[in-house]
Amino acid sequence: MLLRIRSKDGNFRYQMEPTDDIAVLLSKILEASPNADPTTMTISDQPRGNEVPIVSLKGRNLKSIGVNHGDLLFVSYKDKVESTAISEPSSSTAPQVPASDEKRVWELVTEDAVDSYWRSSDGKIPRGRDPIFCKHGLKGMCDYCMPLEPYDAAFHKENSIKHLSYHAYLKKLAPKTATSSASFLPPLDPLSYRVKTPCPTGGHPAWPAGICTSCQPSAITLQSQPFRMVDHLEIASMDIVDRFLQSWRMTGLQRFGWMIGRYEPYDKVPMGIKAVVEAIYEPPQEGELDGLTLGLPWEDEQRIRRIAEEATTPLTVVGYIFTDLDPTEEDRTKNVFKRHPGSFYISSLEAIFAAVMQNTNPTPSKSSPTGKFSSRLVTAILTGTEDGQVDVSAYQVSAQAEAMVEADMIEASVDPGIVRVKEEDRSQDTARYVPDVFFSFKNEYGLEVKKSAKPAFPVEYLLVNVTHGFPQNPSPMFRSTAFKIENRQGLEDQTVDSVLSSLVSLNAPDIVESKKMIPGQAHKTFELAKWLSDLHLIAFLDTTQLLSPDDMKILIKVASSPTLLEDVSQLDPLLATDGWQTLMTFARESAPRNTKSSSAMDEDIPQDVLDQIAAEQAASGGSGAGARICPHCTYENYHGGNDCEVCGLPLQ
């Protein structure tokens, strides 16, 4: 087969065999470029990006790395004199060549379970037999009934699917002839708008002292992202949202929370992925009528992530949600419709915040040379609808937005629907290079027009829409939302006394293992199990140290079990732990008990009985015609009780 090589020394053609080792190609390149340093030589299928050191491919043939007849490969390297001057003298003259079985960065990545699921599937869209055009037998197949590729444009347009799913986009990018080409050249190329420091050519001082076309980023053209990392946001139960909104309903202050959940396949989109929200954790914050103040990074992040990972189905932070609700003046039960096509869907400040959060929560990917690509963190907003009700809106920002925020190129403006491009800065401490930025739109004549994005551009160019909804048959992992929510000081306070009191009211100290259970007592066990299945309760118990770390793991496993309310024996592992027995001891001894006071007992006694008691006491010569003076507060008590009506202390 014929291979074309392009380097800084020119264009070359080599006649190769598919079974030839990569070392054969390396030797031919060195013959044409004798001054090239093989330790610095990289190869790529693109002019810029996806570079892979050629020495790391030693031991593999051309066919295994996805090279085909007629391919054009781009080779870059440093000269021996240049590399020798830069590097330190080495005691060994032979270059260190990685072993052929050495793992590269993207091969060491552990992806999410949903990624492993879709990588093991071809993702093709099945089609039934066409009654008009199919002329073959039942077991035959033709162009009218053969499965479609997951990125088929006609199918997406017919089903009103705006974006390709992440794995459908990978299928579209990856070569179809070589099975292991992904391990050779990952198809994704993470965006970076930063100046390369030091410069690859090494011909000038590093930025900001110098810059050239090799180290400066190219011009940016903002465009709609063809794919999205998450296709759908599903909240497991309406109770989760209602519980989150309860704080705003009582105070009118805006609220923020992290969505805890997992990623699953989504069958409404070819090779789709959905984020399933099982709980909302509220970090410390200060709410206001038109915004909120939030501390980042939130202090309990690692602890909450650890608890979520211990669930029966491991959970993680899949996004965040916040309220933007403003009651109307005419009807306080309805909300202002402020996010619509005439204003904005997500403000520039919120878009930049989303980009920062997505940059700090990247998605592990074997299809990226860095092992990470973009993010699956979803932004959800609870805002007013056109009819004044409350609805969820879900978004992500594009990879371009993530790269622009990382390069410190954009900032929020006074107009929420406009993003401002920052000015270039060449000072030593705050150096910032801003390339030319353009965006295209259709003018009044229907023509595509490209316009400079400086000094500002619409925020819609950075957004990716995400659909949302609730399941028809809710089956949440956590069955209860009754426990008080964290960080709602003065509104809901989490205390150990409230936990112990609830355990006593549920008769938890009397509940035994299923083998020792008396018939007819299963409902009490299920009530306790439902109450324990609450992430807010689990997170609070983790801070009390009443349960050991091992007992907490058992509690999380039990509380998140899918058969918790079906099998009475699911609680047995928890009931057998030492930590649970200790907690039950505290519940028996320390929980507040609901006992009636003497004054309450007096209210239950008829008045004629009290009069008779008073008459008997007066006949027996009681002081003050039946009055008893309290030795503590000197109040004269005429009732027949044993405690003072004012101070409640004993009269004797």
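As the structure is a computational prediction, the values presented were derived from the model and not from experiment.

Draft legend 1. Region of the structure containing the environment of Gly-210. Summarising the element assignment, Gly-210 is placed in the loop between α6 (181-184) and β7 (220-222). Given a relative accessible area of 10%, Gly-210 falls into the buried group. Through-space distance from the C-alpha of Gly-210 to that of Arg-426 is 9.7 Å; in sequence the pair is 216 residues apart. Those residues within four positions of Gly-210 in sequence are excluded, and the remaining contacts are His-204 and Pro-205.

Draft legend 2. View of the sheet that holds strand β21 (residues 437-442). Strand order in the open sheet made by the three strands is β7-β21-β22, with mixed pairing throughout. Edge positions in the sheet fall to β7 and β22 (448-452), since each of these pairs with one other strand and no more. Recorded for the sheet is a direction-independent mean angle of 30° between the axes of neighbouring strands. Alignment of β7 against β21, held across three bridges, turns out to be parallel.

Draft legend 3. How the structure looks around unusual backbone geometry. Cis geometry marks the peptide bond from Thr-197 to Pro-198, where omega comes out at -5°. Within the secondary structure, Pro-198 sits in the loop between α6 and β7. Cis peptide bonds are those with omega within 30 degrees of zero, and the linkage from Lys-454 to Pro-455 qualifies with 10°. Its location among the elements puts Pro-455 in the loop between β22 and β23 (456-458). Of note in the backbone geometry, Ser-374 takes a positive phi value of approximately 45° without being a glycine. Positionally, Ser-374 belongs in strand β16 (residues 372-375). Its relative accessible area of 13% is what places Ser-374 among the buried residues.

Draft legend 4. Up close: the packing of aromatic side chains. Inspection of every chain in the model, using the stated rule, returns 17 aromatic pairs. Considering the side-chain rings of Trp-258 and Tyr-320, the 5.9 Å spacing of their centres and the 75° angle between planes classify their relative orientation as edge-to-face. Of this pair, Trp-258 sits in strand β10 (residues 256-266) while Tyr-320 sits in strand β14 (residues 316-324), placing them 62 residues apart in sequence. Residues Trp-258 and Tyr-320 agree in their burial class; the two are buried. Ring pairs connect the aromatic residues Phe-256, Trp-258, Tyr-281, Trp-298, Tyr-320, Phe-322 and Phe-353, which therefore count as one cluster.

Draft legend 5. Molecular detail of the sheet that holds strand β17 (residues 378-384). Taken in spatial order, the seven strands close into a barrel running β9-β11-β10-β14-β17-β18-β24, and their pairing is mixed. The average angle at which neighbouring strand axes cross in this sheet is 35°, direction not considered. In terms of strand pairing, β10 meets strand β11 (residues 272-281) through nine bridges, oriented antiparallel. Residue Arg-262 lies in a different strand from β11, and its bridge partner there is Val-276.

Cut-offs used in this document
- Residues numbered from 1 in each chain as written.
- Predicted model: local features only at pLDDT ≥ 70, side-chain atom pairs only at ≥ 80, totals over all residues.
- Heavy atoms only, no water.
- Helix = DSSP H or I, 4+ residues; strand = E, 2+ residues; numbered from the N terminus.
- Buried < 20%, exposed > 50% of the residue type's maximum accessible area, 1.4 Å probe, protein only.
- Contact = heavy atoms within 4.5 Å.
- Pairing = 2+ DSSP bridges.
- Axes fitted to C-alpha atoms, helices over the stretch in contact; angles between N-to-C directions.
- Phe/Tyr/Trp six-rings, centres within 6.5 Å; stacked < 30°, edge-to-face > 60°.

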